[in-house]
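# Descriptive structure summary
Here is how the chains run, residue by residue.
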Amino acid sequence: MSGGAGGEGRIAALLGSREEAVLDRWTALVAENVRGRLTERELRAELTELYGLLARVHDDADGTVRGELRAALAEMSRSRARQGFSPSETAVGVFAVKQAVLEAVEESGDTEAYREFARFSAFVDDLGLVTFETYAAEREQVIADQAEQLLELSTPVVKLWDGILGVPLVGTLDSARTQIVMESLLQMLVETGSEHAVIDITGVPAVDTEVAQHLLKTVMAARLMGTDCVISGIRPQIAQTIVGLGIEFGDIVTKATLADALAYALDRSGVSVVKAV
Amino acid sequence: MDRVPILKIGSVLLVSIQVDLQDQTVLALQEDLADRIVRTGARGVVIDITAVDIVDSFIGRMFATIASMSKLMDAETVVVGMRPAVAITLVELGLSLGGVRTALDLEKGMRLLGAPVPGVS
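Residues numbered from 1 in each chain as written. Chains lettered and ligands numbered in written order. Predicted model: local features only at pLDDT ≥ 70, side-chain atom pairs only at ≥ 80, totals over all residues. Heavy atoms only, no water.

Quick look at helix 4 (residues 64–83) of chain A now. All names here are of chain A. An ideal rise of 1.5 Å per residue puts 28 Å on 20 residues; helix 4 measures up with 29 Å between its terminal C-alpha atoms. Within the sequence span of helix 4, burial applies to Val65, Leu69, Ala72, Leu73, Ala74, Met76, Ser77, Arg80 and Ala81. Looking at the buried positions of helix 4, the neighbouring elements they touch are helix 2 (19–34), helix 3 (40–56), helix 5 (87–108) and helix 6 (111–153). In the stretch just after helix 4, glycine 84 is the one whose phi turns positive, near 85°. (Helix = DSSP H or I, 4+ residues; strand = E, 2+ residues; numbered from the N terminus. Expected span 1.5 Å × (residues − 1). Buried < 20%, exposed > 50% of the residue type's maximum accessible area, 1.4 Å probe, protein only. Contact = heavy atoms within 4.5 Å.)

See the structure below:
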């Protein structure tokens with residue numbers, strides 16, 4: 001707030017003397033906004049803590065209360081962000097206190113308090129920005145976490161047959177994913193001693209020169225370790241794009257479907273599949 | 001300076017690299033190997049790099065050099081036991097070792113050269 005300069009005590013006194021009324025009004029205003037996603041009691045507990053700090057900010061000489069207030073707000077907006085509240089719903093939780101205090105000031109009819117209210121309002125706006133920043137940071141964190149989980153989910157290496165590994169790729173290939181695919185494929189090659197690997201790109205939406213480059217690198221690395229790679233799942237449009245872009249897969253074997261690739265790999269490893277009867 | 005031992009199994013020469021490769025070691029190995037191929041009339045060379053976990057472009061080129069050298073003396077080269085990290089490094093360095101055959105382990109490498117593997121029918 002505006003600090004402890006002379007004549008500054010009115011709002012603070014008001015906050016102290018009319019605690020119940022202001023807090024009730026504040027809770028009511030915020031409750032309207034969160035529409036039952038938080039219980040009245042939870043909300044009340046949260047706001048009571050903030051209110052307590054807000055009322056003490058006035059005699060805050062060394063800034064500790066201000067720090068606490070910011071921390072409490074940050075904590076609140078973090079949990080709101082996690083629960084999926086929108087940023088405005090989060091910020092309104094803070095701004096609503098202005099409405100509640102203003103009503104209290106009006107009731108008291110104190111003109112001096114009105115003057116002070118302008119500064120109080122600026123202070124609350126500042127706090128609102130804190131919640132906004134924390135909210136944005138928290139959402140970024142959620143997105144980053146999800147991206148990481150997606151990365152782990154989307155790069156499995158499966159054993160198709162004794163000595164044949166399958167890598168079903170789903171989604172766009174970028175350098176980070178290629179790196180992970182490459183590492184997990186090579187690791188599995190060592191663990192299983194497989195001599196054949198099938199990289200299936202049915203789930204890759206588009207192949208451009210960069211994706212092709214990544215695929216080639218993976219195949220080359222597997223080849224260095226003594227494993228033959230087959231690329232499968234080349235759809236008609238993808239084949240057209242690849243030819244259109246002039247991408248050369250060199251002597252890497254490519255097949256239209258995973259089944260063809262598996263049949264080829266089985267054939268190469270000397271396994272013949274026949275019908276029982 | 002360490003010298004890398006070259007072992008003869010039938011018509012195959014086995015080079016198992018167990019030490020940190022210095023450039024000098026690599027050059028000495030190339031000389032020794034060329035010498036041994038001529039003296040023994042070996043038909044294949046297996047380079048086992050299971051114990052190698054750091055490579056640079058010089059060592060990467062060594063494999064290609066040895067392979068083409070052996071080829072001139074009618075011996076085929078197989079590099080076996082490359083670790084994932086090494087394979088990734090070589091690819092990132094742009095060395096795809098064209099002309100060098102590779103296998104996952106020594107046994108598969110020997111079989112690739114058509115050499116008899118003891119105890120396996």
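That shown, we press on.
With that settled, consider the domain arrangement of chain A. When cut into domains, chain A gives domain 1 (9–148) and domain 2 (158–268). With centres defined by C-alpha atoms, the gap from domain 1 of chain A to domain 2 of chain A works out at 55 Å. (Domains from an automatic or database assignment.)

Now for the nonpolar core. Counting residues in each nonpolar core, the largest one holds 65 residues, and the members touching the most others are A:Leu169, A:Leu186, A:Ile201, A:Leu215, B:Ile17, B:Met62 and B:Met82. Within the second largest apolar cluster, 36 residues are counted, among which are A:Leu29, A:Leu38, A:Val101 and A:Ala113. (Core = buried A, V, L, I, M, F, W, Y, C linked by side-chain atoms within 4.5 Å.)

Residue and element names in this part refer to chain B. Here we have 5 strands laid out as an open sheet, ordered 1-2-3-4-5, and mixed in their pairing. Two strands in the sheet have a free side with no partner beyond their single neighbour: strand 1 (6–9) and strand 5 (101–103). Ignoring strand direction, the axes of neighbouring strands in this sheet form an average angle of 25°. Direction of pairing for strand 1 relative to strand 2 (residues 12–16): antiparallel, over a ladder of 4 bridges. The residue of strand 2 that forms the bridge with leucine 7 is leucine 14. (Pairing = 2+ DSSP bridges. Axes fitted to C-alpha atoms, helices over the stretch in contact; angles between N-to-C directions.)

Time to look at the interface of chain A and chain B. Each partner contributes residues to the interface: chain A has 18 residues there, and chain B has 15 residues. Where chain A abuts chain B, roughly 1400 Å² becomes buried across the two surfaces, and 71% of that area is made up of carbon and sulfur atoms. On the chain A side of the interface with chain B, the three residues burying the most area are A:Lys217, A:Leu224 and A:Met225, jointly 46% of the side's total. The tally of links from chain A across to chain B stands at 1 salt bridge. (Buried area = accessible area lost by both parts, 1.4 Å probe. Salt bridge = Lys/Arg side-chain N within 4 Å of Asp/Glu carboxyl O.)

With that settled, the discussion passes to the side chain of A:Thr27. Along the chain, A:Thr27 turns up in helix 2. Contact partners of A:Thr27, with chain neighbours within four places excluded, come to A:Glu40, A:Leu43, A:Arg44 and A:Leu47.

How two helices sit against one another is set out by the angle between their axes and by the gap between those axes. Residues and elements named next belong to chain A. Relative to each other, helix 4 and helix 5 sit at 150°, their axes nearing to 10 Å. Here helix 4 is positioned roughly antiparallel relative to helix 5, judged by the angle of their axes. Between helix 4 and helix 5 lies a crossing whose hand is right-handed. Between helix 4 and helix 5, the contacting residues are Leu73, Met76, Ser77 and Arg80 on the first element and Glu89, Thr90 and Val94 on the second. Classifying every residue of the contact of helix 4 with helix 5 gives 3 nonpolar, 2 polar and 2 charged. (Parallel < 35°, antiparallel > 145°, perpendicular 65-115°, else oblique. Left-handed = near helix turned anticlockwise from the far one by under 90°. Nonpolar A, V, L, I, M, F, W, Y, C, P; charged D, E, K, R; others polar.)

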